[in-house]
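Each chain, letter by letter, is given below.
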Amino acid sequence: MRFQELARLCLVFAVGGSSVTSFLLRDSFSTRSAGRTETVSPMSCAAVADWKVAPSIRHISDDYDVFLLDMWGVMHDGNKAYDGVLDVVQHLKDKELIIVSNSSKRKENSVKMLTKLGFDPSVFSKIVTSGEVAFQLLQYLASSESQASSWVPKTIPKPFLDLKSRTESRKVFCFGSGNGDQEYLESCGWILADSIANADLIVARGTFVVLDASSIVNKNTDGKEAYFEAYHNALQEAAERGIPMIVCNPDKVRPDAEKSPMPGTVGVAYENLLILNCDTTDLILYLGKPFANVYEIALQDYPDKRACMVGDALETDVTGAQAAGIDSIWVVRNGVHNDDVAAKVNTTKNKDELELLDIGCRQVVEEFNQRSEETYARGQKISPTVTVPYFRW
Ligand SMILES: [Mg+2]
């Protein structure tokens, strides 16, 4: 299968959907928070589990001690903070606030981003980025240390742990962002492989460059055709050789107008090639939501606290929270599902705003669940615990 076909397949998985029939049924509903006084719409449906729709975060804040916060799509749009986000963080400052971002960059980058957006980074108890977890794991694998830090995932699959026992230099091939890829890899103890042929590991942290020690093919400067040819050839050879891959950002789509692909699409394309060539997908390690590794790292200091994940993406934030056994607060009027939800809401009439939102959201979740096999939910039906329009107080 040509790369272009695989890439198209991945994008269909990531952003596609299918038609849905009307399924809404009303049901009785009781809230869990005894102190709550304001309206929470009682809705349920036959196809997905009950959940609440709340006007804003203050309606549910008493239910939780720990808030795991996604960044892009919840707190900012890639450039500026959304309205009301600085205020809601201020109201929640006595809670444990933990950033859990699928950014493939190290946590210092998120500290800079938070500062630029106007936040005081010290308000956050911890900042967990996929890029930081990947860095710590890569550093551990390249070192002689037997004791892993608390940032290294508890469970490391054998193909990756085997890399630790190597005595010679560990060589890596990179699908990168074009922004500091080589520095990132070398500062955690790896060197770029001369080519995919002598790579011990692939790191997927971006969708703009294909990088080894002898060449760099850049989508923007060399053109898409050259990039995709290098991309496909490297993935194909890697699959034939059975090279393990770490995906530093499982996201598949950037939540902007272009809906451009993210490193998760590299992982999914590689999964398909590995199945064809090796009949296995055990050679891919995704670090980030919805996978357990980042939730374990984020929550390890709060085992008995009531935790929730605030996120905009069903496939990562909501699916990951459900898999981790914590509640999810799905933000729907910003972020990756905003257009999907808006389209549903605009086609339904004679309802109040919150009720319209609830109806639209249930249709979007139902559509997601209909194609769940094609997502990280792997066939599981998912449901948020609470839906809110925005991350606002
Ligand atoms: Mg997001």
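Everything here concerns the structure above.
What you see is a predicted model, and the numbers here were worked out from it, not measured in a lab.

Criteria and thresholds
For every chain, the first residue of its written sequence is number 1, and the numbers climb from 1 along that sequence. The predicted nature of this model means local features are confined to residues of pLDDT at least 70 and side-chain atom pairs, given and counted, to a pLDDT of 80 or more, with totals for whole chains, interfaces and linings taken over all residues. Two strands are counted as paired when DSSP detects at least two bridges linking them. Runs of H or I in DSSP of at least four residues are treated as helices and runs of E of at least two as strands, each being numbered from the N terminus. When buried Ala, Val, Leu, Ile, Met, Phe, Trp, Tyr and Cys residues are joined through C-beta atoms within 7 Å, the set is termed a nonpolar core. Whether a residue is buried, exposed or partly exposed follows from its count of other C-beta atoms within 10 Å of its own C-beta, namely 20 or more, 12 or fewer, or something in between, respectively; the C-beta atoms are built from the backbone. Remark: residues whose backbone-derived C-beta atoms lie within 7 Å of one another are considered to be in contact. What the arc covers is the set of directions going from the helix axis to the C-beta atoms. Only C-alpha atoms enter the line fits that serve as axes; for helices the fit covers just the stretch in contact. Angles between N-to-C directions range over 0 to 180 degrees. Roughly parallel here means an angle under 35 degrees, roughly antiparallel means over 145, roughly perpendicular means 65 to 115, and every remaining angle is called oblique. Handedness of each helix crossing follows the sense of rotation of the near helix against the far helix: counterclockwise by less than a right angle gives left-handed, clockwise gives right-handed. Amino acids are sorted into nonpolar (Ala, Val, Leu, Ile, Met, Phe, Trp, Tyr, Cys and Pro), charged (Asp, Glu, Lys and Arg) and polar (every other residue, Gly among them).

Asks: Teacher, can you tell me more about the pairing of strand 6 (residues 126-129) here?
Replies: Residues in a regular strand project their side chains so that they alternate between the two faces of the sheet. Pairing between strand 5 (residues 96-101) and strand 6: four bridges, direction parallel. Across the sheet, the residue bridging to Ser101 is Thr129, located in strand 6.

Asks: Please clarify how the nonpolar core should be interpreted in this entry.
Replies: Soluble, globular proteins show a tendency: their nonpolar side chains are buried together. Counting 112 residues, the largest nonpolar core has Leu68, Leu69, Leu287, Val310 and Phe391 as its most contacted members. At seven residues, helix 4 (residues 130-142) tops the list of elements feeding residues into this core. Apart from the residues within four sequence positions on either side, Leu287 is in contact with Ser130, Val133, Ala134, Leu137, Ile246, Val247, Cys248, Asn293 and Val294.

Asks: Teacher, can you tell me more about helix 3 (residues 107-117) here?
Replies: One turn of an α-helix holds 3.6 residues; hence residues three or four places apart share an orientation. Among the residues of helix 3, those classed as buried are Lys107, Ser110, Met113 and Leu114. Projection of helix 3 onto a plane perpendicular to its axis shows the buried side chains occupying an angular sector of 110 degrees, all on one side. Of the residues in helix 3, the exposed ones pointing more than 90 degrees away from the buried face are Lys112, Thr115 and Lys116. After helix 3 finishes, the residue Gly118 shows a positive phi value of roughly 105 degrees.

Asks: Where do I start with the packing of helix 12 (residues 338-346) against helix 13 (residues 353-370) in this structure?
Replies: When two helices pack together, their arrangement is given by the angle between the helix axes and the distance between those axes. Interaxial distance between helix 12 and helix 13 falls to 8 Å at its minimum, and their mutual angle equals 125 degrees. Taken together, the axis directions place helix 12 and helix 13 in an arrangement best described as oblique. Where helix 12 crosses over helix 13, the handedness of that crossing is right-handed. Counting all contacts with helix 12, which are made through Asp340, Val341, Lys344 and Val345, the residues of helix 13 involved are Leu356, Leu357, Gly360, Cys361, Gln363 and Val364. Of the residues belonging to the contact of helix 12 with helix 13, the class tally is six nonpolar, two polar and two charged.

So yeah, pure geometry; function would need other evidence.
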